[in-house]
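Per-entry structural report
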Amino acid sequence: MTGMHNPPHPGSLLEDYLGEVSVAEAARRLGVTRATLSRIRHGHSAVTADMAVRLGLLFGTSAELWLGMQSAYDLWTERQKPRPAIVALAGSGR
């Protein structure tokens, strides 16, 4: 799939939303450790459904925004990996 660009990890958006707020302060308000939020911010951890809801409440956004970004990132990442040839089942074009 050449031409497709890598969608950003949702953690990269955290920087914009945090503004002047520290990761430690945001983590405190989210009820998670600073390390947990930092791992997401740096793209080392995924945004879970629980975290998406928390981020939505913190920033006044939808949980779907955060989960959608994570899903797009995960799918793009998986599509970059080599796979065996998979032949579709006949008649299952739903």
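A short tour of the structure in this document, coming up. In this convention, every chain numbers its residues from 1, walking through the sequence in written order. Local features in this predicted model are restricted to residues of pLDDT 70 or higher, and side-chain atom pairs are both shown and tallied only at a pLDDT of 80 or more, whereas totals for entire chains, interfaces and linings draw on every residue. Side-chain figures throughout are based on the complete set of non-hydrogen atoms in the structure, without hydrogens or water.

**Regarding the overall build of the protein**
Convention followed: Strands here mean DSSP runs of E at least two residues long; helices mean DSSP runs of H or I at least four residues long; both are numbered from the N terminus. Only C-alpha atoms enter the radius of gyration, while the globule expectation follows 2.2 Å times N to the 0.38, with N the number of residues. Any residue under 20% of the maximum accessible area for its type is buried, any over 50% is exposed, and the rest in between are partly exposed; the area is computed with a 1.4 Å probe on protein chains only. Whether two residues are in contact is decided by their heavy atoms: any pair within 4.5 Å suffices. The Shrake-Rupley method, run with a 1.4 Å probe, gives the accessible areas here. Residue values count only the displayed protein chains as cover. Under the convention used here, Asp and Glu are negative, Lys and Arg are positive, and both His and the chain ends fall outside the count. To locate a charge, take atom NZ for lysine, CZ for arginine, CG for aspartate or CD for glutamate.
Secondary structure summary: the protein contains five helices and zero strands in total. Order of helices (α) and strands (β) in the protein, N terminus to C terminus: α-α-α-α-α. By the compact-globule yardstick of 12 Å for 94 residues, the protein is too spread out, its C-alpha radius of gyration being 17 Å. Projected onto the principal axes, the alpha-carbon positions of the protein cover approximately 55 × 25 × 20 Å. For the protein, the residues scored as buried account for 26% of the 94 residues in total. Across the protein, every contact between residues at least 6 apart in sequence was considered, and the portion connecting residues at least 24 apart equals 55%. Summing over all exposed atoms, the protein offers an accessible surface of approximately 6600 Å²; the carbon and sulfur share of this is 57%. For the protein, the separation between the mean place of its 10 positive charges and that of its 8 negative charges on side chains is 7 Å.

**Remarks on the packing of aromatic side chains**
Going by this rule: Classification of ring pairs uses Phe, Tyr and Trp, with its six-membered ring standing for Trp, and accepts pairs whose centres are within 6.5 Å; under 30 degrees between planes counts as stacked, over 60 as edge-to-face, and the remaining range as tilted.
For the coordinates displayed, the defined rule picks out three aromatic pairs. When the centroid spacing of 5.9 Å and the interplanar angle of 35 degrees are considered together, the rings of Phe59 and Trp66 count as tilted. For the pair Phe59 and Trp66, one class covers both residues: buried. Each residue in the set Tyr17, Phe59 and Trp66 is aromatic and connected to the rest through ring pairs, giving one cluster.

**With respect to the side chain of Gln70**
Which entries qualify depends on this criterion: Within 3.5 Å is the distance limit for a polar contact, defined as a pair of N or O atoms, with the added protein rule that one can donate a hydrogen and the other accept it, and that residues adjacent in sequence qualify only through two side-chain atoms.
Residue placement: Gln70 occurs in helix α5 (residues 63-79). Residue classification places Gln70 among the buried positions, given a relative accessible area of 3%. There is a polar contact of 2.8 Å between the side chain of Gln70 and the backbone nitrogen of Val47. Sequence-distant contacts of Gln70, that is, excluding residues within four places in its chain, are made with His9, Pro10, Ser45, Ala46 and Val47.

**Details of the environment of Gln80**
Its location among the elements puts Gln80 in the segment after α5. Residue class for Gln80 comes out partly exposed when judged on its relative accessible area of 40%. In sequence terms Gln80 and His42 are 38 residues apart; their C-alpha atoms lie 20 Å from each other.

**A few points about α5**
Heads up, the rule is: For a helix, the expected span equals 1.5 Å multiplied by the residue count minus one. As used here, the arc is the angular range of directions from the helix axis to the C-beta atoms.
Counted at 1.5 Å a residue, the expected span for α5 with its 17 residues is 24 Å, and the 24 Å between its end C-alpha atoms agrees. Inspection of α5 places Trp66, Met69, Gln70 and Trp76 among the buried residues, and these make up the whole buried set. With its buried residues spanning 135 degrees around the axis, α5 presents them on a single face. For α5, the exposed residues set more than 90 degrees away from the buried face come down to Glu64 and Arg79. Among the structural elements, α1 (11-18) and α4 (49-59) are those in contact with the buried residues of α5.

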